[in-house]
Amino acid sequence: MTATLAGINDFVIKLFFGQKADSLVGSGLGGSDAVFLFIWWVSVFFFVLLMGIMGYCMVKYRRREGVPAEPSPSHNTPLEIAWSVIPSLLLAVMFFWGFNGYMRAQMAPSYAEQIDLVGQKWAWSMTYSTGIGASEFTTLGGNNNVPIFVVPAETPVRLRMNSSDVIHAFWVPDFRTKLDVMPNRYTPYVFTANALDRSGADERVMTATDKNDNEFAYRDHIVYCAEYCGDSHSEMVAVLRVVEPSYYQTWLNTPPYDAVTPPAEVGALVWQAKCAVCHTVDGGVGTGPTWKDAWGYPREFTNADSLTQETLDARPDEWDNYIRESIILPGAKVKAGFANAMPSFDGQLSDVEMRGVIAYMRSLSDRDPGTPIPGYEELEAEAAELEAAANGGE
Ligand SMILES: [Cu+2]
């Protein structure tokens, strides 16, 4: 009997959610899956009871030739008390059970892992406590640049969420919770992912080897934007990769790039994480202009004087300035033929990343002069020093 009940419960959860909850808020006796099943069973019970009584009465008291109609009763105190008190008690149980889960989804202990999350048309980005962000990407549907965000299992995580443009909503169906991401305000998304079952019983737990040859187990969850936010809203997805806490620490302290990484490689990563939704690098059309053969070419603007060939001949690094300006103040010079649709990335790119984007755009152009980027002499000197130190230490 209990085995059948558990089987039915599993089936109902599969039917509505696809799989069991993977977070503390969703799992276990106090979890939202259990409240959901409770509400579901109460509904099933009363549906069957009420429809049964109704059907029975329809047959029993149907109109018959020569039989006078029963007079309708006007009042029945015990019955009325029963149908007021019993549902109220059931509703109170649902409320307190649900509210308890809601509070657990809102509160994080002080030792929770803090990660900053920014929603921006049309990508998510995270900044971890060590300053790094996503450095691996995958393909989901039509989007080839879906970021993979690594998070620890069994550890409370608190995302400090903010939007740099419109309202988005961070939604992880496997965790059963979602929350709005607002401009000019922080909202907290709190979760504790369940432990990874490495026994092989859970086929969603995979193992892989990272670029430093560390083997690690992980389970992926998809993140959606649940607030319609424009053209590519449906591509605003990400992967939340739950790993074991010890591996998370290793990952957290392995930056994907530093001052010594070739700038164009850094730029390619930045592009993938923040710009690829709108800018292609292969000449294809997007919301914004392609970066292929863009650097070094004259530009016409709808709201400013053109960037002419004469200007570029006189000051070849004018394009580098134009890139920087486009990132910080996208509306200052809007390329003819395009809408002013680019959000500002002011304060979001480090010096290393800004230089990286410029180097990457240069490398994609057939007008690439192959010279160092002016304005980054200090960064180049630092890189040379670090490299010398690394070579000297060996
Ligand atoms: Cu969105």
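Worth saying up front: this structure is predicted, and the values here are computed from it rather than measured.

A.B. asks: Would you take a moment to explain the overall build of the protein chain for this structure?
C.D. replies: Secondary structure assignment for the protein chain yields 9 helices and 11 strands. The C-alpha atoms of the protein chain give 29 Å as radius of gyration, which overshoots the globular expectation for 394 residues (21 Å, by more than 25%). With respect to the three principal axes, the spread of C-alpha positions in the protein chain is 105 × 55 × 35 Å. Expressed as a percentage of the 394 residues in the protein chain, the buried residues total 26%. Look at the contacts in the protein chain between residues 6 or more apart in sequence, and 63% of them connect residues 24 or more apart.

A.B. asks: I would appreciate a short explanation of unusual backbone geometry in the present structure.
C.D. replies: Note that the residue after K121, namely W122, is joined by a cis bond; omega there is -5°. Positive phi, normally seen in glycine, also occurs at E154, with a value near 55°. With respect to the element layout, E154 can be found in the loop between β4 (143–152) and β5 (156–163). On the basis of neighbour counts, which here come to 13 C-beta atoms within 10 Å, the residue E154 falls in the partly exposed class. Positive phi values are uncommon outside glycine, yet D213 reaches one of about 65°. Locating D213 in the fold gives a position in the loop between β9 (206–209) and β10 (215–225).

A.B. asks: What am I meant to see in the packing of helix α7 (residues 318–328) against helix α8 (residues 351–363) here?
C.D. replies: When two helices pack together, you describe them by how their axes are tilted relative to each other and by the distance separating the axes. Taken N-terminus to C-terminus, the directions of α7 and α8 make an angle of 125°; their axes are 10 Å apart at the nearest point. Classified by the interaxial angle, the pair formed by α7 and α8 is oblique. Read as a crossing pair, α7 and α8 show a hand that is right-handed. Seen from α7, the contacting residues are D320, I323 and R324; seen from α8, they are M354, V357, I358 and M361. Residues of the contact of α7 with α8, tallied by class, amount to 5 nonpolar, no polar and 2 charged.

A.B. asks: Help me understand α7 in this model?
C.D. replies: Note that an α-helix has 3.6 residues per turn; residues three or four places apart therefore point the same way. All of the buried residues along α7 are W319, D320, Y322, S326 and I327. Each buried residue of α7 sits inside an arc of 160° when the element is viewed along its axis, so together they form one side. On the buried face of α7, the contacting elements are α6 (309–314) and α8.

A.B. asks: Would you mind going over the pairing of strand β2 (residues 123–127) with me for this structure?
C.D. replies: On a regular strand, each side chain points to the face opposite its neighbour's, so the side chains alternate between the two faces of the sheet. Counting buried positions along β2 yields 4 of 5 residues, so the element is predominantly enclosed. Strand direction decides the pairing type here: strand β1 (residues 113–120) and β2, joined by 5 bridges, are antiparallel. Each bridged residue has a counterpart across the sheet, and for V118 the counterpart in β2 is S125. What sits between the antiparallel neighbours β1 and β2 is a turn of 2 residues.

A.B. asks: Quick question: what am I supposed to make of the domain arrangement of the protein chain here?
C.D. replies: It is common to report an interface's size as the accessible area lost on association of the parts. Here the protein chain is described as being made up of domain 1 (2–58 + 77–106), domain 2 (113–252) and domain 3 (263–393). The centre of domain 2, based on its C-alpha atoms, is set 28 Å off from the matching centre of domain 3. Contacts between the two partners involve 16 residues from domain 2 and, on the opposite side, 8 residues from domain 3. Elements represented by at least two residues in the side of domain 2 that touches domain 3 include exactly β2 and β4. In terms of residue class, the side of domain 2 that touches domain 3 is made up of 5 nonpolar, 7 polar and 4 charged.

What counts and how
Residues numbered from 1 in each chain as written. Predicted model: local features only at pLDDT ≥ 70, side-chain atom pairs only at ≥ 80, totals over all residues. Helix = DSSP H or I, 4+ residues; strand = E, 2+ residues; numbered from the N terminus. Rg over C-alpha atoms; globule rule 2.2 N^0.38 Å. Buried ≥ 20, exposed ≤ 12 C-beta atoms within 10 Å, placed from the backbone. Contact = placed C-beta atoms within 7 Å. Axes fitted to C-alpha atoms, helices over the stretch in contact; angles between N-to-C directions. Parallel < 35°, antiparallel > 145°, perpendicular 65-115°, else oblique. Left-handed = near helix turned anticlockwise from the far one by under 90°. Nonpolar A, V, L, I, M, F, W, Y, C, P; charged D, E, K, R; others polar. Arc of directions from axis to C-beta. Pairing = 2+ DSSP bridges. Domains from an automatic or database assignment.

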